[in-house]
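Structural features, examined
Spelled out from the first residue to the last, the chains are:
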Amino acid sequence: MTKDKAGSSVRERVSPAEWQARVDLAAAYRLFARFGWDDIIFTHISARVPGPEHHFLINPYGWLFEEITASSLVKVGLDGQKVTDSPEDINPAGFVIHSAIHASRADALCVMHAHSINGIAVSAQKDGLLPVSQQSLFALSSLAYHDYEGVALRDEEKPRLVRDLGDKVFLILRNHGLLTVGPSAADAFLAMYLLEAACAIQVRALTTHGELVLIPKPILDGALQQAKQVTRGLGGALAWPGLLRMLDRRYPGYDQ
Ligand SMILES: [Zn+2]
Ligand SMILES: [Zn+2]
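Residues numbered from 1 in each chain as written. Chains lettered and ligands numbered in written order. Predicted model: local features only at pLDDT ≥ 70, side-chain atom pairs only at ≥ 80, totals over all residues. Heavy atoms only, no water.

**Remarks on the overall build of the chain**
Short version of the rule: Where helices and strands are cited, they refer to DSSP runs of H or I of at least four residues and of E of at least two residues respectively, numbered from the N terminus. Here the globule rule reads 2.2 Å times residues to the power 0.38, and the radius of gyration is calculated from C-alpha atoms. Between buried and exposed lies partly exposed: a residue is buried under 20% and exposed over 50% of the maximum accessible area for its type, with that area taken using a 1.4 Å probe on protein chains only. Residues count as neighbours in contact if any of their non-hydrogen atoms are within 4.5 Å of one another. In these tables, accessible area is a Shrake-Rupley quantity obtained with a 1.4 Å probe, and a residue counts as shielded only by the protein chains included in the view. Counted as positive: Lys and Arg. Counted as negative: Asp and Glu, with His and the chain ends omitted from the count. Just so you know, the charge point we use is NZ for Lys, CZ for Arg, CG for Asp and CD for Glu.
Helix and strand counts for the chain come out as nine helices and seven strands. Relative to the compact-globule value of 18 Å for 256 residues, the chain shows a C-alpha radius of gyration of 18 Å, a close match. Its C-alpha atoms put the chain at 65 × 40 × 30 Å along the principal axes. When the 256 residues of the chain are sorted by exposure, 51% land in the buried category. The contacts of the chain with a sequence gap of at least 6 include a subset with a gap of at least 24, amounting to 66%. Summed over all atoms, the accessible surface of the chain reaches about 12100 Å², with 55% contributed by carbon and sulfur. Put simply, the chain has 25 plus and 28 minus side-chain charges, and the middle of one group is 4 Å from the middle of the other.

Listed below in structure tokens is the structure:
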């Protein structure tokens, strides 16, 4: 466990609510590694620390996602500067996208950003995500697109990013990747799972070079209405405890 200069553990120094946010975020990082969405180390997941301060948790730059622990996460302000003593550095460029969304969407307590191969492949397709699977219907019910402007290092891009996301849950970053937001790591993760699965199915279906059957418009419209009810808002909390048990068996230690 990471010890500060005084020798106290991170867990002893933070509120129980912050510790829980750290455990869930560390678990999310390990799930990204497990599902192959981590781009080695070059993507990010951020979570807002519970409380009135606009403080956020993000990964220590350079750690593999399967190595990340609750204690290792770095607490930063909206400017991406560390707010507590930590021996770890963050990727300030990586926080540009996340800080823009956290600043504008109070409901986005967790922001997940993936460089998944299937997601990037669909992000490069002009027609974007197609209604070819049941999984795609969930994403299509709340999906936005943001055009590529180069590596997102500049604050100047933030207003366009925020405008494009609007009040949506799913965002396809053209030529770049996928992004989801949620009121918890569990919900943002399930959203990312559904979006990436929809992209993987689309990529595979397109390799057959046969004509695709699109879900008919009336069914699509009805399904979009139902999408939220079916899974009780996406229902990430239903799957999350089982995912944590899987981590406990295969990737133990995230909660340290
Ligand atoms: Zn990225
Ligand atoms: Zn990011």
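The rest of the description comes next.
**Notes on empty space enclosed by the protein**
Convention followed: Method remark: on a 1 Å grid restricted to protein atoms, a set of points is classed as a cavity if a 1.4 Å probe fits but cannot get out and as a pocket if it is open with protein on both sides within 12 Å along at least five of seven lines; lining residues have an atom within 4 Å of a point. Grid points are joined across faces, edges and corners, and a volume is the space filled by probe spheres set on the points. Ten residues, namely Ala, Val, Leu, Ile, Met, Phe, Trp, Tyr, Cys and Pro, are considered nonpolar, four, namely Asp, Glu, Lys and Arg, are considered charged, and the remaining ones, Gly among them, are considered polar.
Enumeration according to the criterion identifies two cavities of 30 Å³ or more in this entry. As for the largest cavity, its lining consists of Ile97, His146, Asp147, Tyr148, Glu149, Gly150, Ala152, Glu157, Leu161, Leu173, Arg174 and His176. For the lining of the largest cavity, the class distribution of residues is five nonpolar, three polar and four charged. The calculated volume of the second largest cavity comes to roughly 40 Å³. Contributing to the lining of the second largest cavity are Val96, Ile97, His146, Ala152, Glu157, Lys158 and Leu161. Partitioned by chemical class, the residues of the lining of the second largest cavity number four nonpolar, one polar and two charged.

**Here we look at the coordination of the zinc ion (ligand 2)**
Expected angles at a metal are 109.5 degrees for tetrahedral coordination by four donors and either 90 or 180 degrees for octahedral coordination by six donors. Using the following cut-off: Donor criterion used throughout: N, O or S atom within 2.8 Å of the metal, extended to 3.2 Å for Na, K and Ca. Water excluded; incomplete-looking sites may result.
Protein coordination of the zinc ion (ligand 2) is provided by His44 (ND1), His98 (NE2) and His113 (ND1), with donor distances spanning 1.9 to 2.1 Å. Summarised as a motif, the one-chain spacing of the donors to the zinc ion (ligand 2) is H-x53-H-x14-H. A relative accessible area of 0% places histidine 98 in the buried class.

**Some thoughts on the nonpolar core**
Threshold: Nonpolar cores were defined as sets of buried Ala, Val, Leu, Ile, Met, Phe, Trp, Tyr and Cys residues, with membership established by side-chain atoms within 4.5 Å.
Among the nonpolar cores identified, the biggest contains 53 residues, and Tyr29, Phe32, Ile45, Met112, Leu129, Leu195 and Trp240 are the most heavily contacted of them. Beyond its immediate chain neighbours, meaning those up to four positions away, leucine 129 contacts Val122, Ser136, Ala139, Leu140, Leu143, Tyr145, Ile172, Leu195, Ala198, Cys199 and Gln202. By size, the runner-up hydrophobic cluster in this structure holds 13 residues, among which are Ile97, Ile101, Leu165 and Val181.

**Brief notes about the coordination of the zinc ion (ligand 1)**
Looking at the zinc ion (ligand 1), one finds its protein donor set to be His113 (NE2), His115 (NE2) and His176 (NE2), positioned 2.0 to 2.3 Å from the metal centre. Donor residues for the zinc ion (ligand 1) sit on one chain with the sequence pattern H-x1-H-x60-H. Here the zinc ion (ligand 1) and the zinc ion (ligand 2) are spaced 5.0 Å apart, linked through histidine 113, which binds each one. In this pair, histidine 115 sits in the loop between strand E4 (110-114) and helix H4 (117-123) while histidine 176 sits in the loop between strand E6 (170-173) and strand E7 (177-182), placing the two residues 61 residues apart along the sequence. The same class applies to histidine 115 as to histidine 176, namely buried.

**So, the pairing of E4**
Inclusion rule: In this analysis, strands are considered paired if DSSP registers two or more bridges between them.
Of all the five residues making up E4, five are buried; the element is thus mostly covered by neighbouring parts of the structure. Here E4 shows a buried face lined by Cys110, Met112 and Ala114 and a second buried face lined by Val111 and His113. Across five bridges, the pairing between E4 and E7 is antiparallel. When the sheet's bridge partners are listed, methionine 112 is paired in E7 with threonine 180.

**Quick word on the pattern of salt bridges**
Keep this limit in mind: By convention in these notes, a salt bridge is any Lys or Arg side-chain nitrogen within 4 Å of a carboxyl oxygen on Asp or Glu.
Overall, the coordinates contain nine salt bridges when judged by the stated rule. Between arginine 160 and glutamate 149 there is a salt bridge, with the nearest N and O atoms lying 2.7 Å from each other. With arginine 160 in helix H6 (residues 158-165) and glutamate 149 in the loop between strand E5 (143-146) and H6, this pair connects stretches of sequence that are eleven residues apart. We note a salt bridge from aspartate 155 to lysine 158, for which the minimum N-O separation is 3.5 Å. Here the salt bridges do not stand alone but share partners, grouping Glu18, Arg22 and Lys75 into one network.

**A few points about the side chain of histidine 115**
Under the convention used in this document: Pairs of N or O atoms within 3.5 Å make up the polar contacts considered here, provided that, within protein, one atom can donate a hydrogen while the other can accept it, and that residues adjacent in sequence are counted only when both atoms are side-chain atoms.
Relative accessible area serves as the criterion here: at 14%, histidine 115 is assigned to the buried category. Separated by 3.1 Å, the side chain of histidine 115 and the backbone oxygen of phenylalanine 42 make a polar contact. Looking at histidine 115, its side chain comes within polar contact range of the side chain of histidine 113, at 3.3 Å. Every residue in contact with histidine 115, bar those within four places of it in the chain, is listed here: Trp37, Asp39, Phe42, Thr43, Ile120 and His176.

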